[in-house]
2 protein chains.
Amino acid sequence: MSDITKRKQEILATIIERYIATGEPVGSKAICADMNNAVSSATIRNDMADLVELGLLEQPHTSAGRIPSQAGYRYYVDNLMTTYEIGIDEQERIKIWLQSFSGEPDKLLEKAGSILAELTNCVAVSSSPSDSEAFIKRIELVPLSEHTAMIVLLATSGILRSSVVRSDSAINVDIAEVFYNICQTYFNGRNVSDISLSFIQTLVASLGDKVFVMSPFLCAISDLCEAVKTTEIHLQSPNNILNHTELSEDAFRLMDFLHRSTPLENMLSSQKKTLNVVIGSENSYRELRNSTTIFSKYSVGDRESGSIGIIGPTRLDYARLIPSIKYLAGIIGTMLTETLDE
Amino acid sequence: MSDITKRKQEILATIIERYIATGEPVGSKAICADMNNAVSSATIRNDMADLVELGLLEQPHTSAGRIPSQAGYRYYVDNLMTTYEIGIDEQERIKIWLQSFSGEPDKLLEKAGSILAELTNCVAVSSSPSDSEAFIKRIELVPLSEHTAMIVLLATSGILRSSVVRSDSAINVDIAEVFYNICQTYFNGRNVSDISLSFIQTLVASLGDKVFVMSPFLCAISDLCEAVKTTEIHLQSPNNILNHTELSEDAFRLMDFLHRSTPLENMLSSQKKTLNVVIGSENSYRELRNSTTIFSKYSVGDRESGSIGIIGPTRLDYARLIPSIKYLAGIIGTMLTETLDE
DNA sequence: AGTTAGCACTCACACAGAGAGAGTGCTAAC
DNA sequence: GTTAGCACTCTCTCTGTGTGAGTGCTAACT
């Protein structure tokens, strides 16, 4: 692959950039003009034929211009692209805009996602920080009425989860005390992965006559631990899919795909690198075979605990989008880490 | 309008029901068969011509069958339709399914919405109970870390809202006490609409040296009161829009419309009746000119405080959907009222 | 050997005409 | 008021033609 002449690389880059901008197949004449007539269109045609041979370009039909193949985009992203960083003032604006949500990871990610969707005109997807190694930092019981209370669980990963519990018996100071005692003894400081159903069951067995009052609360805690471990997926502007005509055939299937969290989750958890640009059929899900996904992990503390990125067509302005996504992932990580430090 | 002969009504109903089932224009022969050849196709043609004249039917083109006009649907819904109640066992299943979410109105509505979307194959929309006449029932401060705390506000409308606050000074018992004192004196039992920015400002002025510590909390309370008043819109399965080919032209605009809460909110708040069936261009929003919206209000206590319903094409199985929506609205109301009573 | 001009060729697209089929509107008889 | 019969209308599909963009190939040139 690396034995492609400089000129062929230039031609490839020109075709890709022009195609990204216009969405139309690029002919030899147009390239010729873009290259200031350095060589004739016939020469370019010869080179293009070679690039098709190599699988980097495609022809929609015999007498059309060329469009990049998925391998072509891959070569471009890996070897040819020069990235454009996002402007400093824009960076500053985003930072200020996000600052106010730094206390609540989910809200922060939703906001970041909607900024990203706006910026890229694509669907933005983010996963909340999930960390099965997280510990329970704190559990609080917030009485709401005689028979209902809210249980709030804060994990060391910075994730905050809450749920409302109903109890048949009145929730009074005594019960709260029992609750906090149990938390202190059995939950606080414990790894969320330890709180299995069987753990709760053995715990319940040891409670004696408090079991009936306590069990709904303990079940809630178990659920909340589960929720802390579970990656929450945030989807922003799914309708942006419809902006891209090249995806209109897949639109229906894609929409359906986007609205199911499990595959998205699997997709994200299978990504190993910090920045993942997955083009077309490189994606393991068939629904994404005509799409590109660009995701960057963000780090909370020293752990890469979540991702943010986009799903769009393969025809994407990679050179601009990749830096934007990197920037957002970076700033999310920083903010979440700062909040965690206290 | 009421001077339409019995037979014409029967023809109209047959056309509408057949068109709802098949989506294809209905010809005189087909109706003839559906009516057991009680009259000849020629007679039906004569009657159909009259129904077109009256604006209840339309012809896509001269030599096609007839389809219902929007006015035709209206006439059908108002005068001809016989509704099909949802099955008892299905009712029971839904009830059990929803029960577990009765403590959290927003989750309950989301769940109900997703059931409705599944049931109807349409987009489900619901608004959380909003009530500007609600009072503050309770405010709790939940310390999370040295500098952050969660503020939980429960309103008499059953709505629960929370937000995380950062404070520059450490959040200790003293501060909590001051906080609860302020709540007791100024907030608890007060109408959420009273908590304006100017109210907070005068309150802040009277705080003396506690002002710097308290102001982020007070601002949060103000925001939460605002959030209690604000109708929260839940959208379920927006991609169901794409299931309906007759809306494919509007799909893009509709999707966009659905993802902005404000118009949806306006639409819902402008509906006066308990059950609102708004067909096609009866909708005040242009985006909905080819859609039907069916919404039912649900009552919490004795106030109609929110809505649930669907947005779909005008070609809808009104006879089945209307009872389903009524049923869901009813059960939501019952559940929310029960939770509130305690 | 690499580059270029020239030209025939290919293919998608847009438009037009023909044939088929569904369903109508009208007329005249019942 | 109802019905049978029939010409008529309009959509849809298929086919054919013309156009234009862009190619691939060949032969000449540097």
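Residues numbered from 1 in each chain as written. Chains lettered and ligands numbered in written order. Predicted model: local features only at pLDDT ≥ 70, side-chain atom pairs only at ≥ 80, totals over all residues. Heavy atoms only, no water.

## A few points about the nonpolar core
- Counting 56 residues, the largest nonpolar core has L98, I294, Y318 and I332 of chain A as its most contacted members.
- Summarising the domain contributions, this core has at least three residues from each of domain 1 (6-80) and domain 2 (89-129 + 232-341) of chain A.
- Not counting residues within four places of it along the chain, the set of residues in contact with L98 of chain A comprises L108, K111, A112, I115, L328, I331 and M335 of chain A.
- Of all hydrophobic cores here, the second largest spans 55 residues; its members include L12, V26, I31 and V300 of chain B. (Core = buried A, V, L, I, M, F, W, Y, C linked by side-chain atoms within 4.5 Å. Buried < 20%, exposed > 50% of the residue type's maximum accessible area, 1.4 Å probe, protein only. Domains from an automatic or database assignment. Contact = heavy atoms within 4.5 Å.)

## What to know about the domain arrangement of chain A
Residue and element names in this part refer to chain A.
- Once the domains are mapped, chain A shows domain 1 (6-80), domain 2 (89-129 + 232-341) and domain 3 (136-228).
- Distance from the C-alpha centre of domain 1 to the C-alpha centre of domain 2: 29 Å.
- Across the contact, 10 residues belong to domain 1 and 15 residues belong to domain 2.
- Interface of domain 1 and domain 2: buried area, both sides summed, is about 910 Å²; carbon and sulfur atoms make up 58% of it.
- Together, I20, Q70 and R74 form the three largest contributors to the area buried by domain 1 at its contact with domain 2, with a combined 56%.
- At the boundary of domain 1 and domain 2, one finds 1 salt bridge.
- A salt bridge links R74 to E282; the shortest N-O distance between them is 2.6 Å.
- Inspection of the region where domain 1 meets domain 2 yields 6 residue pairs in polar contact (both at pLDDT 80 or more).
- When contributions to the side of domain 1 that touches domain 2 are tallied by element, the ones reaching two or more residues are α1 (6-22) and α4 (70-80).
- Among the elements that line the side of domain 1 that touches domain 2, the one with the most residues is α4, at 5 residues.
- By residue class, the composition of the side of domain 1 that touches domain 2 is 6 nonpolar, 3 polar and 1 charged. (Buried area = accessible area lost by both parts, 1.4 Å probe. Salt bridge = Lys/Arg side-chain N within 4 Å of Asp/Glu carboxyl O. Polar contact = N/O pair within 3.5 Å; in protein donor to acceptor, adjacent residues only side chain to side chain. Helix = DSSP H or I, 4+ residues; strand = E, 2+ residues; numbered from the N terminus. Nonpolar A, V, L, I, M, F, W, Y, C, P; charged D, E, K, R; others polar.)

## Points about the protein's contact with DNA strand C
- Around DNA strand C sit 20 residues in total, of which R7, T43, T62 and S63 of chain A together with S28 of chain B are the nearest.
- The sugar-phosphate share of atoms of DNA strand C within 4 Å of the protein amounts to 78%.
- Within the side chain of R45 of chain A, an N or O atom sits 3.2 Å from a base oxygen of DNA strand C.
- Between DNA strand C and R66 of chain B there is a distance of 3.2 Å, counted from a phosphate oxygen to a side-chain nitrogen or oxygen.
- Among the secondary structure elements, those contributing two or more residues to the surface near DNA strand C are α3 (41-53) of chain A together with α3 (41-53) of chain B.
- In terms of residues, the surface near DNA strand C owes the most to one element, α3 of chain A, which gives 4 residues.
- When the residues that make up the surface near DNA strand C are grouped by side-chain class, the tally is 4 nonpolar, 12 polar and 4 charged. (Near = heavy atom within 4 Å.)

## Focus: the protein's contact with DNA strand D
- In the neighbourhood of DNA strand D, 21 residues make up the surrounding shell, with S28 of chain A together with R7, T43, T62 and S63 of chain B lying closest.
- Taking all atoms of DNA strand D within 4 Å of the protein, the share assigned to sugar and phosphate is 79%.
- In this structure, a phosphate oxygen belonging to DNA strand D sits 3.0 Å away from a main-chain N or O atom of S40 of chain B.
- Of all the secondary structure elements, the ones that give two or more residues to the surface near DNA strand D are α3 of chain A together with α3 of chain B.
- The leading source of residues in the surface near DNA strand D is α3 of chain B, at 4 residues.

## Section: the relation of the copies chain B and chain A
- Turning chain B through 180° and shifting it by 0.0 Å along the axis lays it on chain A, with an RMSD of 0.1 Å. Those values place the two copies in the arrangement expected of a two-fold rotation axis. When C-alpha positions in chain B are compared against the rotation axis, the closest is assigned to V142 of chain B, at 3.8 Å.
- An overlap of 100% is found between the interface residues of chain B and their copies at the interface of chain A, pointing to a shared contact surface. (Least-squares fit on C-alpha atoms with pLDDT ≥ 70 in both.)

## A word on the pattern of salt bridges
Residues and elements named next belong to chain A.
- Counting across every chain of the model gives 34 salt bridges over all chains.
- The closest approach of N and O atoms between D47 and R7, which form a salt bridge, is 2.7 Å. Pair noted here: D47 is in helix α3 and R7 is in helix α1, with a separation of 40 residues, a long-range link.
- Because the salt bridges share partners, they merge into one network encompassing R74, D78 and E282.

## Section: the interface of chain B and chain A
- The partner chain A presents 30 residues to the 30 residues of chain B that form the contact.
- Both sides of the chain B and chain A interface together cover about 2700 Å² of buried area, and 63% of this is carbon and sulfur.
- Where chain B packs against chain A, one counts 0 salt bridges.
- The interface formed by chain B and chain A holds 6 residue pairs in polar contact (both at pLDDT 80 or more) in total.
- Going through the elements one at a time, β4 (136-143), β5 (148-155), β6 (160-166) and α10 (251-258) of chain B are the ones with two or more residues in the side of chain B that touches chain A.

## Concerning unusual backbone geometry
All names here are of chain A.
- Despite not being glycine, N121 has its phi angle at roughly 65°, a positive value.
- We classify N121 as partly exposed; its relative accessible area is 37%.
- For S237, which is not glycine, the phi torsion reads 50° and is therefore positive.
- Since its relative accessible area comes to 27%, S237 is described here as partly exposed.

## As for the pairing of strand β8 (residues 275-279) of chain A
Residue and element names in this part refer to chain A.
- The element β8 is extensively covered by neighbouring structure, given that 4 of its 5 residues are classed as buried.
- Note that β8 and strand β9 (residues 291-300) share 5 bridges and pair antiparallel. Across the sheet, the residue bridging to L275 is S296, located in β9. (Pairing = 2+ DSSP bridges.)

## Some points on helix α11 (residues 261-269) of chain B
Residues and elements named next belong to chain B.
- Residues of α11 that are buried: P263, L264, M267 and L268. Each buried residue of α11 lies within a common arc of 135° when the element is viewed along its axis, so the set occupies one face.
- Against the buried residues of α11 lie β3 (123-127), β7 (233-236), α10, β9 (291-300) and β10 (303-313). (Arc of directions from axis to C-beta.)

## Side note on the sheet that holds strand β6 (residues 160-166) of chain A
All names here are of chain A.
- Within the open sheet, the 3 strands sit side by side as β4-β5-β6. Their pairing is antiparallel. Of all the strands in the sheet, just β4 (136-143) and β6 have a single pairing partner and so form its edges. For this sheet, the mean angle separating the axes of adjacent strands, direction not counted, is 20°.
- Of the pairings in the sheet, the one linking β4 to strand β5 (residues 148-155) comprises 7 bridges and is antiparallel in character. Bridged to I139 within β5 is L153.
- Along the sheet, helix α7 (residues 173-187) contacts β4 and β5; its crossing angle with β4, the most-contacted strand, is approximately 170°. (Axes fitted to C-alpha atoms, helices over the stretch in contact; angles between N-to-C directions.)

## Overview of the packing of aromatic side chains
- Taken as a whole and judged by the stated rule, the model has 10 aromatic pairs over all chains.
- Geometrically, the ring pair formed by F179 of chain A and F217 of chain A is edge-to-face, given 5.9 Å between the ring centres and 70° between the ring planes. Of the two residues, F179 of chain A is situated in helix α7 and F217 of chain A in helix α9 (residues 211-229); the sequence distance between them amounts to 38 residues. Across this residue pair, the class does not change: F179 of chain A and F217 of chain A are buried.
- For the pair Y73 of chain B and Y318 of chain B, a centre-to-centre distance of 5.6 Å together with 45° between the ring planes defines the contact as tilted. Here Y73 of chain B, found in helix α4 (residues 70-80), pairs with Y318 of chain B, found in helix α12 (residues 318-341); they are 245 residues apart in sequence, far enough to count as distant. (Phe/Tyr/Trp six-rings, centres within 6.5 Å; stacked < 30°, edge-to-face > 60°.)

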